[in-house]
Amino acid sequence: MKPILFNFTDKELETFVTDMGLPRFRAKQIREWLNRGAPDFSVMKNLPSDLRTKLDENARTLPVKIVQKLESSDNQTTKFLLELNDCEQIECVLMRTTYGNSVCVSSQAGCAMGCRFCASTLLGLKRNLTINEMFAQVLIAQWELRGDKFNTKEIRPNGDPNNNDVSHIVVMGTGEPLQNTENVIGFLERANNELNISWRRITVSTCGIVPGIDALNTWGRPINLAISLHAPDDELRTQIMPINNRYKITEVLDAAFRFSDTHNRQLMIEYILLGRKNQNGETELFNATPEHAEKLSNLMRGHNVMVNLIPWNTVDERDFASISGNAVHRFQDILIKNGVHTRIRRERGADIGSACGQLRLKNAKK
Ligand code: SAH
């Protein structure tokens, strides 16, 4: 396995460089490129080309290597298939939006949670990602936006196609972040510190691991918390999310409201609207009937929440169906009538398999 220079301390990088018989200042030059997210050595223009070749033979730059890059048809979403040093693969998504550039970061290779509607968990959990492996996903996106135009001083407004800053991070890729809480916290501290991404532009999404939510509370940063709820009662939720056997809805919501109240943040609730085909091939509403909307409203009442309704994105191996736009709006109207803030999530990158729940390990593809 080639060493990953990004993981080296400054001292180690210097030793590596001098061991190659190079002057010490090369270490500094290389470090600058690494901090910009240089995906390989060939882009390091201030190094002689034979040195770049030699480095390439002996080392890797970042702890994630781009294996494949997919661009959505509207050019707003880029999905990266990334390989880790032990050959595990993960995905990461860059979304260019009117409010800024957002990176969807994976926290684990695979996932152990077993949610019945999601692609990420099909092959189970491989392992937790390290702080550097998460941080490098953001750098990859930053490089995509900015390339080697690193010192640009020009500030461009959000929504400008030439805006070249990562402004938002959502930990909503593959994996359950609160099974890897310590590294996720370490990663976000660095993103805030080194990339200046403010806490308010960071969102961590969880299927509801209560001790993890409490740990975020103790950590004390005013990030946004999102809860993948997807059902308004325990009986239904247990059918689609095994984690509900462990932590019941009220426990999860209590912990989440504690977090959002303490930090004065609006809590985000994610709710996929699921249908199921019956024997006649018609789609029946699974968690999206008017009664479900009423029950969900009751859980939300009196709290500062935003319910994000997510039309289900197709996962071939999964036994669900999308519901009609009308059914989505009927559901939403009930929430609105009950005074619950809600919006329908605009899906990004469904044509390249990068919408919510479609991220997966590469070899899990049919
Ligand atoms: N494990 C964390 C982080 C993943 S976030 C969590 O559960 O929150 C990914 C979001 O996409 C979650 O809200 C997840 O429930 C949702 N999702 C999963 N499969 C989906 C699908 N097929 N269509 C739409 N959303 C899906």
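As the structure is a computational prediction, the values presented were derived from the model and not from experiment.

Q: Help me get a handle on the domain arrangement of the chain, residues and values and all.
A: Each domain of the chain was delimited in the assignment, giving domain 1 (5-58) and domain 2 (64-364). Computed over C-alpha atoms only, the centres of domain 1 and domain 2 are separated by 35 Å. On the domain 2 side, the residues contacting the 11 residues of domain 1 number 8 residues. Taken over both partners, the interface formed by domain 1 and domain 2 buries close to 920 Å², and the fraction arising from carbon and sulfur atoms is 66%. Broken down residue by residue, the surface that domain 1 buries against domain 2 is led by F6, R36 and P39, which jointly contribute 58%. For the pair domain 1 and domain 2, the interface holds 0 salt bridges. For the pair domain 1 and domain 2, the interface holds 1 residue pair in polar contact (both at pLDDT 80 or more).

Q: Give me the lowdown on the packing of helix α6 (residues 210-219) against helix α8 (residues 249-263), citing residues and values where you can.
A: The N-to-C vectors of α6 and α8 enclose an angle of 10°; their axes lie 9 Å apart at closest approach. What the angle tells us is that α6 and α8 run roughly parallel. Packed against α6, whose contacting residues are V210, I213, D214, L216 and N217, the element α8 presents E251, V252, A255, A256, R258, F259, T262 and H263 at the interface. Here the contact of α6 with α8 is built from residues that sort into 7 nonpolar, 3 polar and 3 charged.

Q: Explain the nonpolar core residue by residue, including any values.
A: One finds F117, I169, F187 and L188 to be the most contacted residues of the largest nonpolar core, which totals 107 residues. The leading source of residues in this core is helix α4 (residues 131-146), at 9 residues. Residues lining this core come from more than one domain, with at least three contributed by each of domain 1 (5-58) and domain 2 (64-364). Residues V93, M95, C104 and L359 belong to the second largest nonpolar core, which totals 5 residues.

Q: I'd like a rundown of the side chain of N132, residues and numbers included.
A: One can find N132 in helix α4. A distance of 2.6 Å separates polar atoms of two side chains, one belonging to N132 and the other to R190.

Q: Tell me about the packing of aromatic side chains, and please be specific about residues and values.
A: This structure, assessed with the given rule, holds 7 aromatic pairs. Look at F8 and F16: their rings are 5.8 Å apart centre to centre, the planes differ by 70°, and that puts the pair in the edge-to-face class. Clustering of aromatic rings is evident, with ring pairs tying together F286, W312 and F320. Over the ring of W33 we find R36; its NZ or CZ atom is 4.6 Å from the centre of that ring. Here R190 stacks its cationic end above the ring of F135, 4.2 Å away from the centre of that ring.

Q: How would you explain the environment of N180 if you had to name every residue and give the values?
A: Residue placement: N180 occurs in the loop between β7 (166-171) and α5 (181-195). Taking the C-alpha atoms as reference points, N180 and N128, 52 residues apart in sequence, are found 6.2 Å from one another. Apart from residues lying up to four places away in sequence, N180 is in contact with S107, N128, L129 and M134. Only 3.0 Å separates the side chain of N180 from the backbone oxygen of L129, close enough to count as a polar contact. A polar contact is formed between the side chain of N180 and the side chain of N183, at a distance of 3.3 Å.

Q: Let's hear about the site of the ligand: which residues, and what values?
A: As a matter of local geometry, the ligand sits amid 20 residues, with S205, S228, H230, W312 and N313 nearest to it. G175 places a polar main-chain atom, nitrogen or oxygen, 3.0 Å from a nitrogen atom of the ligand. Classifying every residue of the shell around the ligand by side-chain character gives 10 nonpolar, 8 polar and 2 charged.

Q: An account of the pattern of salt bridges is requested, with residue identities and associated values reported.
A: One pass over the structure, following the stated rule, counts 15 salt bridges. As a salt-bridge pair, K79 and E91 come within 3.2 Å of each other at their nearest N and O atoms. Linking K79 in strand β2 (residues 77-84) with E91 in strand β3 (residues 89-97), this pair joins segments that are 12 residues apart in sequence. Owing to a relative accessible area of 4%, K79 belongs among the buried residues under this scheme.

Rules used throughout
Residues numbered from 1 in each chain as written. Predicted model: local features only at pLDDT ≥ 70, side-chain atom pairs only at ≥ 80, totals over all residues. Heavy atoms only, no water. Domains from an automatic or database assignment. Contact = heavy atoms within 4.5 Å. Buried area = accessible area lost by both parts, 1.4 Å probe. Salt bridge = Lys/Arg side-chain N within 4 Å of Asp/Glu carboxyl O. Polar contact = N/O pair within 3.5 Å; in protein donor to acceptor, adjacent residues only side chain to side chain. Axes fitted to C-alpha atoms, helices over the stretch in contact; angles between N-to-C directions. Helix = DSSP H or I, 4+ residues; strand = E, 2+ residues; numbered from the N terminus. Parallel < 35°, antiparallel > 145°, perpendicular 65-115°, else oblique. Nonpolar A, V, L, I, M, F, W, Y, C, P; charged D, E, K, R; others polar. Core = buried A, V, L, I, M, F, W, Y, C linked by side-chain atoms within 4.5 Å. Buried < 20%, exposed > 50% of the residue type's maximum accessible area, 1.4 Å probe, protein only. Phe/Tyr/Trp six-rings, centres within 6.5 Å; stacked < 30°, edge-to-face > 60°. Lys NZ or Arg CZ within 6 Å of the ring centre and 35° of its normal. Near = heavy atom within 4 Å.

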